[in-house]
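The lines below spell out each chain.
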Amino acid sequence: MSPSTVDTHCPYCALQCGMGLVALPTGGVEVVERTAFPVNRGALCGKGRTAPEVLARGARLTGPLVRGASGALEPAGWDEALDRVAEGLLRTRAAHGRDAVGVFGGGGLTNEKAYALGKFARVVLRTSQIDYNGRFCMSSAAAAHQRAFGLDRGLPFPLEDVARTGCVILVGSNLAETMPPALRYLTELRERGGKLIVVDPRRTRTAEQADLHLQPRPGTDLALALGLLHLALAEGYLDEEFIAERTNGWAEARPGVMAHWPELVERITGVPVPQLREAVRLFCSTPDGMVLTARGPEQQSKGTDTVSAWINLCLATGRAGRPLSGYGCLTGQGNGQGGREHGQKADQLPGYRKLDDPAARAHVAAVWGVDPDDLPAPGRSAYELLDALGVDVHALLLMGSNPVVSAPRAAHITERIASLDFLAVCDVVLSETAEMADVVLPVTQWAEETGTTTNLEGRVILRRKAIDPPPEIRTDLEVLHGLAARLGWEKGFPTDPEEVFDELRRASAGGPADYSGITYRRIAEEDGVFWPCPETPSTHPGTPRLFLDRFATPDGRARFVPVLHRPSAEEPSAEYPLYLTTGRVLAQYQSGAQTRRVRELNAASPGPFVQLHPQLAERLGVAEGDALAVTSRRGRAVAPALISSAIRPDTVFMPFHWPGEGRANNLTNPALDPTSRMPEFKVCAVRVEAAAAGA
Ligand SMILES: Nc1nc2c(c(=O)[nH]1)N[C@H]1C(S)=C(S)[C@@H](COP(=O)(O)OP(=O)(O)OC[C@H]3O[C@@H](n4cnc5c(=O)[nH]c(N)nc54)[C@H](O)[C@@H]3O)O[C@H]1N2
Ligand SMILES: Nc1nc2c(c(=O)[nH]1)N[C@H]1C(S)=C(S)[C@@H](COP(=O)(O)OP(=O)(O)OC[C@H]3O[C@@H](n4cnc5c(=O)[nH]c(N)nc54)[C@H](O)[C@@H]3O)O[C@H]1N2
Ligand code: SF4
Ligand SMILES: [Mo]
């Protein structure tokens, strides 16, 4: 490797693949292999490889924009732009009170940014109204983790363990498209003789790798998990010793399991009983095993209970808290893990502390130099916050999300955003949400700044700056510093990421996600450090594997949560006879704000589509490529037909990466999980017809 190569990580998903960057004399960077980083060992998907294209002038914002007298966004200087934001926020606060000012963050922000944004909301704005897009991502798994284990770290073990266990049940993850380099671990698993079971209503590229593919109706994973546990019990696979020694609550959970006998579960899920039996045999006849979930089972109005049901299966069969065994959630965004730990969540303080815990308030207030009584109470969850815009919340500062495309019931949310008195957006590109802003603040990108993220394994890693940003661009930390100064906080918002990280370490010390022993230097020397990693002893190695001796509950035992299956908030009816489920394609990322600006990715995935089964296509009389109108109780979307026998005949699938008439979120149901407040992105009822007929 040449000395001018800078070791860093991809700007996109939670795998946070290691990559090298070489600065080009012509500006920009070239991506080179970084084989030493263990998670991806040099492999990258097309998104990571092409990320430098978004650094180009044509793709990105090149200076601040403010809405002028004509109503259009016009170039402005930084002082004018920041003054306008400060005025906008202050005017709303004066007119409607502190909680009328909202903040919306993102799981793609580095730990330093997420921490500074949460502090800015609580200390400078003193608003309770802050949440972030991670609520739309893994919040159900996080809530279920907390309930069962007393701690939420997506994977309680490194990914390398996945390759060495006996059997993996992968529930609603299409990682062959969403984290391609991670597929290697599943391939290795099978090469070593381990088994892979995939649960997905579609036969995805991931499902094609499986020894057994279960293809349930959308929204029925809860019944499926209960049914598998029922069979495990009936067939004598429970680990009574583990249940007795390391868990509580089995007696309460057992009746719900007994109530889900195989034939009932077949009726609910559509998965034939012999396949249920085969799954139990594969999972239970090896000495160790894992269940991994992703958005499929989690983005449901019962996502938390669903994940609890899968955790119960692990606990009852002794597949948790032991080497090469356990439950894990495959977190999604670049900093999906760290972004949920340091205070941009409505109910949270740094270090994964709770805002309603007096000791936590006292600790963090002392680090921040404020009175604990001045810290606000917990606020609204992401969808509820967006839904309150223009009603109770009249000004919004948005950093790192594009809800016009990605929020459920997006047409309604777009109206709510339009009804704000004031909107400021920090972004790297002019996203669909930024287009609606009063002030757009252009910020630096991954190759141009330093900061830490925490990958899906709980490994805290360092992204390093390789090149200088264009002169008119600032970092998110500089934006917060500039705004805080205008709102009376000259100090407390440093712009040096390492200084912010050192404060974060102190704020997290003693909390569940303790980073106090992690330093930039250690991360560099050790290829990342797994939290918790307390400062003392100074030799603390970090914690790659959690729960081996005890769970993080007060008595050290894991908790069964009694759960019962229930239908989705919306089931098919005569008027809306089909299931719609939504998700991702390989070449586009999230709202597409970044990847739609990359030539190669657009060529691979130029626009939305409706995936439907040949039988359904025939019944509807539609052919490949025909424009289809998909209608739900929220609205309508139009996109070409993609006919494929990989999907259930009762279900259609749309990716959500595009705005406009093909926007999948015109259709989705914002029914919320009662515990996690996760919207039901993965299930709603729709009608499908040739577009002309639906017009
Ligand atoms: N290419 C690409 N990669 C990404 C992203 C991206 O946008 N594009 N985003 C990143 C982020 S933030 C995330 S959260 C992850 C998401 O990663 P994944 O969870 O793998 O992605 P999804 O496509 O949302 O959903 C996964 C699968 O769930 C299935 N599914 C739908 N309904 C159900 C159901 O009811 N039950 C079950 N069991 N399965 C169901 C879908 O058919 C789909 O194949 O990907 C990350 N990586
Ligand atoms: N129908 C449907 N909808 C979904 C989902 C689904 O499966 N189905 N999945 C949901 C999930 S899991 C997620 S995570 C959300 C994601 O949806 P969004 O929250 O919209 O995520 P992104 O498109 O990644 O938006 C990030 C924005 O921040 C910008 N950005 C990137 N890095 C930075 C930075 O460092 N600083 C600043 N200031 N800006 C930055 C990007 O350019 C982009 O405009 O979508 C959710 N919506
Ligand atoms: S898998 Fe994720 S982290 Fe790795 S290169 Fe692709 S987008 Fe980047
Ligand atoms: Mo996500």
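Scroll up to find the structure.
Just so it is clear, the model here is predicted, and its values are computed rather than measured.

**Q** Whenever I open this one, the overall build of the protein chain confuses me. Can you help?
**A** Within the protein chain, the regular secondary structure consists of 23 helices and 30 strands. Radius of gyration (C-alpha) of the protein chain: 24 Å, near the 26 Å computed for a compact globule of 695 residues. Considered along the principal axes of its C-alpha atoms, the protein chain spans approximately 70 × 70 × 55 Å. Taken over 695 residues, the protein chain has a buried fraction of 65%.

**Q** Would you explain the pattern of salt bridges in this entry?
**A** Where charged atoms from two side chains of opposite charge come close, those side chains can pair. Scanning the model with the defined rule gives 40 salt bridges in all. For aspartate 347, the salt bridge identified is with lysine 354, shortest N-O distance 3.1 Å. Judged by relative accessible area, which is 39%, lysine 354 ranks as partly exposed. A single salt-bridge network, built from bridges that share partners, covers Glu160, Asp161, Arg164 and Arg545.

**Q** What exactly am I supposed to notice about the pairing of strand β23 (residues 578–583) here?
**A** On a regular strand, each side chain points to the face opposite its neighbour's, so the side chains alternate between the two faces of the sheet. In terms of residue burial, β23 counts as a mostly covered element, since 6 of its 6 residues are buried. Burial along β23 is two-sided: the residues Leu578, Leu580 and Thr582 and Tyr579, Thr581 and Gly583 are all buried. Here β23 runs beside strand β30 (residues 684–690); their pairing, made up of 3 bridges, is antiparallel. Pairing of tyrosine 579 across the sheet is with alanine 685, part of β30. The sheet contact formed by β23 and strand β27 (residues 651–655) spans 5 bridges and is parallel. Note that in β27 the partner of tyrosine 579 across the bridge is threonine 651.

**Q** What is the right way to look at the sheet that holds strand β10 (residues 212–214) in this model?
**A** Sheets are built from strands paired through backbone hydrogen bonds, the pairs being either parallel or antiparallel. The strand order β10-β9-β8-β12-β13 describes an open sheet built from 5 strands, whose pairing is parallel. The sheet is open, and its two edges are formed by β10 and β13 (326–329), each paired on a single side. Each neighbouring strand pair of the sheet contributes to a mean axis angle of 15 degrees, computed without reference to strand direction. In this sheet, β10 lies alongside strand β9 (residues 195–199) in parallel orientation, the contact comprising 3 bridges.

**Q** Hey, could you run me through helix α9 (residues 250–258) in this one?
**A** An α-helix turns once every 3.6 residues. As a result, residues three or four positions apart point the same way. All of the buried residues along α9 are Trp250, Ala253, Gly256 and Val257. The arc enclosing the buried residues of α9, seen along the axis, measures out at 120 degrees, which places them on a common side. Among the exposed residues of α9, those oriented more than 90 degrees off its buried face are Ala251 and Glu252. Buried residues along α9 sit against α7 (221–234), α8 (240–246), β11 (247–248) and α13 (303–316).

**Q** What is the right way to look at the site of ligand 3 in this model?
**A** Neighbouring ligand 3 are the residues Cys10, Tyr12, Cys13, Leu15, Gln16, Cys17, Leu44, Cys45, Lys47, Gly48, Pro180 and Pro181. The residue inventory of the shell around ligand 3, partitioned by class, reads 9 nonpolar, 2 polar and 1 charged.

**Q** I would appreciate a short explanation of the site of ligand 1 in the present structure.
**A** Around ligand 1 sit 33 residues in total, of which Asp200, Asp221, Arg584, Gln588 and Gln590 are the nearest. Residue glycine 172 places a main-chain N or O atom 3.5 Å away from an oxygen atom belonging to ligand 1. Interatomic distance of 3.2 Å between a side-chain N/O atom of glutamine 300 and an oxygen atom of ligand 1. Starting from 910 Å² of accessible surface for ligand 1 in isolation, the protein chains cover 99%. Of all the elements in the fold, those that place two or more residues in the shell around ligand 1 are α5 (175–178), α12 (295–298) and β23. Split into classes, the residues belonging to the shell around ligand 1 amount to 10 nonpolar, 15 polar and 8 charged. Residue-level mapping places the shell around ligand 1 at the junction of two domains, with at least three residues from each of domain 3 (155–329) and domain 4 (578–690).

Criteria and thresholds
Residues numbered from 1 in each chain as written. Chains lettered and ligands numbered in written order. Predicted model: local features only at pLDDT ≥ 70, side-chain atom pairs only at ≥ 80, totals over all residues. Heavy atoms only, no water. Helix = DSSP H or I, 4+ residues; strand = E, 2+ residues; numbered from the N terminus. Rg over C-alpha atoms; globule rule 2.2 N^0.38 Å. Buried < 20%, exposed > 50% of the residue type's maximum accessible area, 1.4 Å probe, protein only. Salt bridge = Lys/Arg side-chain N within 4 Å of Asp/Glu carboxyl O. Pairing = 2+ DSSP bridges. Axes fitted to C-alpha atoms, helices over the stretch in contact; angles between N-to-C directions. Arc of directions from axis to C-beta. Contact = heavy atoms within 4.5 Å. Near = heavy atom within 4 Å. Nonpolar A, V, L, I, M, F, W, Y, C, P; charged D, E, K, R; others polar. Polar contact = N/O pair within 3.5 Å; in protein donor to acceptor, adjacent residues only side chain to side chain. Areas by Shrake-Rupley, 256 points an atom, 1.4 Å probe, with all protein chains shown as cover. Domains from an automatic or database assignment.

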